[in-house]
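Coordinate inspection notes
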Amino acid sequence: MSVKTRVLVVGLGLIGASFAKAIKQAGVAYVLGYDRDPAVPGLAIDTQVIDEAVADLSSVTSVDVVVMAVPVMAIAGVVEQIRHLVADLTVLTDVGSVKGEVVRSVAGVLGDLPACFVPGHPIAGGEKSGVLAAEADLFKHHMHILTPLDNSSPAAVELLTGLWTACGAEVVAMTVQRHDEVLAATSHLPHLLAFSLVDTLARESENREIFKYAAGGFRDFSRIAASDPTMWHDIFLTNRDATLSILRRFQSDLSLLEQAIEHADGDLLRTVFTRAKSARDYFTEILESRQK
Ligand code: NAP
């Protein structure tokens, strides 16, 4: 009988609990779970998310993998609590949306970056939070980005790749810096725009009356403004340079559209909209091919 990999998930929210549930269901790991809310690991047992609840991280002795699934600015505190495990780990990883800050946090606590450390980020998620939002299929047909460091051990990368593949994810690798630039453009900026638009409309309308008249366009664009404020607070404070850079480019392009409307420059509007439609159609094709 093969011995299952022992995986400790710290932070049993949407991402941590979904990962735990997926690897448990796939039968590839024995999953221990910890959350700062002491009621959560019990709920995770009841809902078949984990095999074993951990009440106190200092009591954990033998695990192969630790997955830190907490908001980015909580990572340093978690590393403090699991530092006694690091020397014997095969893999230390995380799921945070900003990789540069996670690497700085781990280095800040441990001094050196251990060879078992391989940062990661699943490109899947949603607006819900908490253990009861866990879905074993959350990562299926989605990418999981690993950002191995110069000294990350090949064995750590291999084990982690196996776990995420067992969740149905496609595992890809890139550098920490590239990850933070790409995600600033494709995820962080859209969330900022959604938060900002919904806030503007909510403040302008008496009793939010205006939302009664909103239809599909507003629903599609604004969905992500329901995301967790703590998580996004952490992302913008820790991926500052990359988000500011893409935000400034966007502001400049947006002011060109403002001028085009002001000066009735239909050609410019049509050019931008046509180019954007073609890019969006291409993105739809990519999405559809991923589902096959
Ligand atoms: P979530 O549903 O709010 O889950 C986070 C969990 O961690 C919560 O149960 C939270 O408890 C707990 N927690 C917070 N600080 C902790 C600490 N110091 N020690 C132990 N547990 C702690 O959030 P999530 O969406 O799963 O996000 C987790 C991570 O995944 C974040 O780093 C985020 O950037 C990343 N991520 C999120 C998405 C997404 O779409 N949601 C996608 C990809 C990556 P409380 O409820 O008490 O705060």
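Conventions we followed
Residues numbered from 1 in each chain as written. Predicted model: local features only at pLDDT ≥ 70, side-chain atom pairs only at ≥ 80, totals over all residues. Heavy atoms only, no water. Axes fitted to C-alpha atoms, helices over the stretch in contact; angles between N-to-C directions. Helix = DSSP H or I, 4+ residues; strand = E, 2+ residues; numbered from the N terminus. Parallel < 35°, antiparallel > 145°, perpendicular 65-115°, else oblique. Left-handed = near helix turned anticlockwise from the far one by under 90°. Contact = heavy atoms within 4.5 Å. Nonpolar A, V, L, I, M, F, W, Y, C, P; charged D, E, K, R; others polar. Near = heavy atom within 4 Å. Polar contact = N/O pair within 3.5 Å; in protein donor to acceptor, adjacent residues only side chain to side chain. Areas by Shrake-Rupley, 256 points an atom, 1.4 Å probe, with all protein chains shown as cover. Buried < 20%, exposed > 50% of the residue type's maximum accessible area, 1.4 Å probe, protein only. Pairing = 2+ DSSP bridges. Phe/Tyr/Trp six-rings, centres within 6.5 Å; stacked < 30°, edge-to-face > 60°.

**A few points about the packing of helix α6 (residues 176-204) against helix α8 (residues 229-238)**
Packed helix pairs are characterised by how far apart their axes lie and by the angle those axes make with each other. Direction vectors running N to C along α6 and α8 enclose 125°, while the axes themselves pass 11 Å from each other. Regarding the angle of α6 to α8, the classification is oblique. For the crossing formed where α6 meets α8, the hand is left-handed. On α8, the residues that touch S187, H188, H191, L192 and F195 of α6 are W232, I235 and F236. Grouping the amino acids of the contact of α6 with α8 by side-chain chemistry returns five nonpolar, three polar and no charged.

**Here we look at the site of the ligand**
In the region of the ligand, 24 residues are neighbours, and I15, D35, R36, V70 and S97 sit closest. Between an oxygen atom of the ligand and a side-chain N or O atom of R36, the distance comes to 2.7 Å. Burial of the ligand by the protein chains amounts to 84% of its free accessible area of 890 Å². Of the residues that constitute the shell around the ligand, the class distribution is 13 nonpolar, nine polar and two charged.

**Topic: the pairing of strand β1 (residues 5-10)**
Among the six residues in β1, five count as buried, and that is most of the element. Summarising the sheet, β1 and strand β2 (residues 29-34) pair through six bridges and their orientation is parallel. Looking at the pairing, R6 lines up with Y30 of β2. Bridging between β1 and strand β4 (residues 65-68) involves four bridges; their strand directions are parallel. Following the sheet pairing, V7 is matched in β4 by V65.

**Notes on the packing of aromatic side chains**
One pass over the full model with this rule turns up four aromatic pairs. With a centroid separation of 4.9 Å and an interplanar angle of 85°, the aromatic rings of F139 and W164 are classed as edge-to-face. With a gap of 25 residues between them, F139 in the loop between β6 (120-122) and β7 (143-146) and W164 in helix α5 (residues 154-166) connect regions that are remote in the sequence. With respect to burial, F139 and W164 carry one shared label: buried. When the ring of W232 is compared with that of F236, the centres are 5.8 Å apart and the planes differ by 40°; the resulting orientation is tilted. Highlighted residues: W232 and F236, both in helix α8, separated by four residues, approximately one helical turn. Like W232, the residue F236 is buried in the burial classification. Ring pairs connect the aromatic residues F19, F139 and W164, which therefore count as one cluster.

**Some words on the sheet that holds β7**
Sheet strands associate in pairs through backbone hydrogen bonding, adopting either a parallel or an antiparallel arrangement. The three strands lie next to each other as β6-β7-β8, forming an open sheet whose pairing is mixed. One side of each edge strand has no neighbouring strand; the edge strands of this open sheet are β6 and β8 (170-173). Averaged over all neighbouring strand pairs, the angle between strand axes comes to 20°, with direction disregarded.

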